[in-house]
Amino acid sequence: MNRTECQTLRDSLVWRDAQVLGTLAGLSFIALVVTVGNTLVVAAVFNSSKLRSPTNTFIVSLAVSDLMVGVAVLPFSATWEVFKVCRRTKHTLYLIPSITLSADEKSFWSLGQISSNETKKRYLFLTFNC
């Protein structure tokens, strides 16, 4: 996208359109909640020694990957959703999809580890306490 195309796009935007403002406010709110919530999870486990367990390690891993989505992926997808344009440069062409894929993959692996860890705990509890 060259300078004149950017200027044309900037001039064509209607900032007083209720749909544009509503969509932008909603997506910004979601990105903010994702970022703040996952930061609080990481801070709680970091500051409290009682929360440091193997299961909570996996939960922190999940929170970090969701934090990466909230910081690195949601702003670009919000830009695409509101303005219907995404600045495609050599770096963002490969960077944004790779961050999205790695964060999603990390989330899936963390959820799998959390569920297998909890299942193993319950199985061992039922086996040795009956």
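Note that residues are indexed from 1 along each chain, following the sequence as it is written. In keeping with the predicted nature of the model, local features appear solely for residues at pLDDT of at least 70, side-chain atom pairs appear and are counted solely at 80 or more, and the whole-chain, interface and lining totals rest on all residues. Excluded from the side-chain calculation are hydrogens and water; included are all heavy atoms of the structure.

> So what exactly am I meant to see when it comes to the nonpolar core here?
The nonpolar side chains of soluble globular proteins are, as a tendency, buried together. To define a nonpolar core, start from buried Ala, Val, Leu, Ile, Met, Phe, Trp, Tyr and Cys residues and group those joined through side-chain atoms within 4.5 Å. Three exposure classes are used, based on accessible area relative to the maximum for each residue type with a 1.4 Å probe and protein chains only: buried under 20%, partly exposed in between, and exposed over 50%. Within the largest apolar cluster, five residues are counted, these being Val 69, Ala 72, Val 73, Ile 99 and Ala 103. Runs of H or I in DSSP of at least four residues are treated as helices and runs of E of at least two as strands, each being numbered from the N terminus. Among the elements of the structure, helix H3 (54-83) and helix H4 (90-128) are those that each provide at least two residues to this core. When residues of this core are assigned to their parent elements, the largest contribution, three residues, is made by H3. Apart from the residues within four sequence positions on either side, Val 69 is in contact with Leu 74, Ala 103 and Asp 104. Residue contacts follow a heavy-atom distance rule, with two residues in contact if any of their heavy atoms lie within 4.5 Å.

> It is not clear to me how the packing of helix H2 (residues 18-47) against H3 should be interpreted in this structure. Could you clarify?
Packed helix pairs are specified by the crossing angle of their axes together with the interaxial distance, meaning the distance between the axes. Only the stretch in contact is used when fitting a helix axis, every axis being a line fitted to C-alpha atoms; angles between N-to-C directions are given from 0 to 180 degrees. Between H2 and H3, the least distance of the axes is 9 Å, while the angle of their chain directions is 165°. Taken as axis vectors, H2 and H3 run roughly antiparallel relative to one another. At the point where H2 passes H3, the crossing takes the left-handed sense. Along the lines of polarity and charge, the residues of the contact of H2 with H3 split into 18 nonpolar, five polar and two charged. The cut-offs work like this: below 35 degrees is roughly parallel, past 145 is roughly antiparallel, 65 to 115 is roughly perpendicular, and the gaps in between are oblique. Helix crossings get a hand from a simple test, with the near helix turned counterclockwise from the far one by less than a right angle marking a left-handed crossing and a clockwise turn marking a right-handed one. Gly counts as polar in this scheme, as do all residues outside two lists: the nonpolar Ala, Val, Leu, Ile, Met, Phe, Trp, Tyr, Cys and Pro, and the charged Asp, Glu, Lys and Arg.

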